[in-house]
Amino acid sequence: SQQGEEDPQALSIQEGENATMNCSYKTSINNLQWYRQNSGRGLVHLILIRSNEREKHSGRLRVTLDTSKKSSSLLITASRAADTASYFCATDVGDSWGKLQFGAGTQVVVTP
Amino acid sequence: GAGVSQSPSNKVTEKGKDVELRCDPISGHTALYWYRQSLGQGLEFLIYFQGNSAPDKSGLPSDRFSAERTGGSVSTLTIQRTQQEDSAVYLCASSLGAGYTEAFFGQGTRLTVV
């Protein structure tokens, strides 16, 4: 089964609104990353948060990490149509360095 | 090139044939990952390399799948006796070091087994 599970599976919002998606994982991690995949194939790295960090910002992105609850959230503020994509969390499992595992993703649609 | 390069971008093959998928990582990246993504699904971990060695091969779906990496650079994923369920996009990624740094992805190889 997946190490990371995103919630919700799909999200539809209007431009200007905020989008929040969550990621839960099962075992201890070294770090957690968020990626975006536009229609097509390549994934683009958005942000990395280490296990000893609680919050991180990058532009309109805000990521939180709660290791006690084994969960992370990604907030996209003031969304744009160009934010339409699938968003994945990925974890580097604590006892398996380098085995970067991805969740099933959240599909976000931003309508003008 | 500046990014991760995968070839071919598309491959249609007949059931039972062998295929080779190639990944050329970013120069200097020691870690290399292979994933498989079926339509509308998440990424299924297949294998990763640290240098030329593969610490974890547990994601390979069957013994028809194998991968190698030579010279700490190019990697080849081979699927023998392809089956229709092998149809998917195969993604390769590389990073400076296993796990700690962001992974850069190629555009993938779309494999269709007919």
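In this text, all values refer to a predicted model and were calculated from it rather than measured experimentally.

Here we come to the overall build of chain A. Scanning chain A from terminus to terminus reveals zero helices and 11 strands. Reading chain A from its N end, one meets helices and strands in the order β-β-β-β-β-β-β-β-β-β-β. The C-alpha atoms of chain A give a radius of gyration of 13 Å, which matches the 13 Å a tight globule of 112 residues would have. For chain A, the C-alpha atoms occupy an extent of roughly 45 × 25 × 20 Å along the three principal directions. Residues classed as buried in chain A amount to 50% of the 112 residues present.

Residues and elements named next belong to chain B. Within the element layout of this structure, R36 appears in strand β4 (residues 31-37). Of the polar contacts made by the side chain of R36, one reaches the side chain of Y90; its length is 3.5 Å. With sequence-adjacent residues up to four places away left out, R36 is seen in contact with G42, L43, E44, L46, P61, F65, E85, D86, A88, V89 and Y90.

So, about the nonpolar core. Core analysis: the largest hydrophobic core is formed by 21 residues, its most contacted members being M21, L32, W34, L46, L74, I76 and Y87 of chain A. Element by element, the count of residues in this core is highest for strand β3 (residues 19-25) of chain A, at four residues. Excluding its chain neighbours within four sequence positions, the residues that come into contact with L32 of chain A are C23, Y25, I47, L48, I49, L65, S72, C89, A90 and T91 of chain A. Counting residues in each nonpolar core, the second largest holds 20 residues, with V4, F65, A67 and V113 of chain B among its members.

This part takes up the interface of chain B and chain A. Contact residues are listed per partner, giving 26 residues for chain B and 21 residues for chain A. Inspection of the region where chain B meets chain A yields zero salt bridges. Taken together, chain B and chain A are joined by three residue pairs in polar contact (both at pLDDT 80 or more). In terms of residue class, the side of chain B that touches chain A is built from 11 nonpolar, 12 polar and three charged.

Considered as a void within the structure, the largest pocket measures approximately 570 Å³ in volume. Q37 and S86 of chain A together with Q37, G40 and Q41 of chain B are, among the 26 residues lining the largest pocket, the residues nearest its centre. Elements with a minimum of two residues in the lining of the largest pocket: β9 (85-93) and β11 (106-111) of chain A together with β9 (88-95) of chain B. Residue contributions to the lining of the largest pocket peak at four residues, all from β11 of chain A. Each residue belonging to the lining of the largest pocket can be placed in one class, and the counts come to eight nonpolar, 16 polar and two charged.

Attention now goes to the state of the cysteines. Note on terminology: a disulfide is the covalent bond linking the sulfur atoms of two cysteines. Counted under the stated rule, the structure contains two disulfides over all chains. A sulfur-sulfur distance of 2.0 Å marks the disulfide that ties C23 of chain A to C89 of chain A. Taking the torsion about the S-S bond as the criterion, the C23 of chain A to C89 of chain A disulfide, at about 65 degrees, is right-handed. On the criterion of sequence distance, the pair formed by C23 of chain A in strand β3 and C89 of chain A in strand β9 is long-range, its members being 66 residues apart. Taken individually, C23 of chain A and C89 of chain A each receive the classification buried, so the pair is uniform in this respect. Two residues share a disulfide in this structure: C23 of chain B and C92 of chain B, whose sulfurs sit 1.8 Å from each other. Measuring the twist about the S-S bond at about -65 degrees, one finds the C23 of chain B-C92 of chain B disulfide to be left-handed. Of this pair, C23 of chain B sits in strand β3 (residues 19-24) while C92 of chain B sits in strand β9; the two residues are 69 residues apart in sequence, bridging distant segments of the chain. Just as C23 of chain B is buried, C92 of chain B falls in that class too.

Definitions and limits used
Residues numbered from 1 in each chain as written. Chains lettered and ligands numbered in written order. Predicted model: local features only at pLDDT ≥ 70, side-chain atom pairs only at ≥ 80, totals over all residues. Heavy atoms only, no water. Helix = DSSP H or I, 4+ residues; strand = E, 2+ residues; numbered from the N terminus. Rg over C-alpha atoms; globule rule 2.2 N^0.38 Å. Buried < 20%, exposed > 50% of the residue type's maximum accessible area, 1.4 Å probe, protein only. Polar contact = N/O pair within 3.5 Å; in protein donor to acceptor, adjacent residues only side chain to side chain. Contact = heavy atoms within 4.5 Å. Core = buried A, V, L, I, M, F, W, Y, C linked by side-chain atoms within 4.5 Å. Salt bridge = Lys/Arg side-chain N within 4 Å of Asp/Glu carboxyl O. Nonpolar A, V, L, I, M, F, W, Y, C, P; charged D, E, K, R; others polar. 1 Å grid on protein atoms, 1.4 Å probe; cavity = no way out; pocket = protein on both sides within 12 Å on 5 of 7 lines; lining within 4 Å. Points joined across faces, edges and corners; volume = space filled by probe spheres on them. Disulfide = S-S within 2.5 Å.

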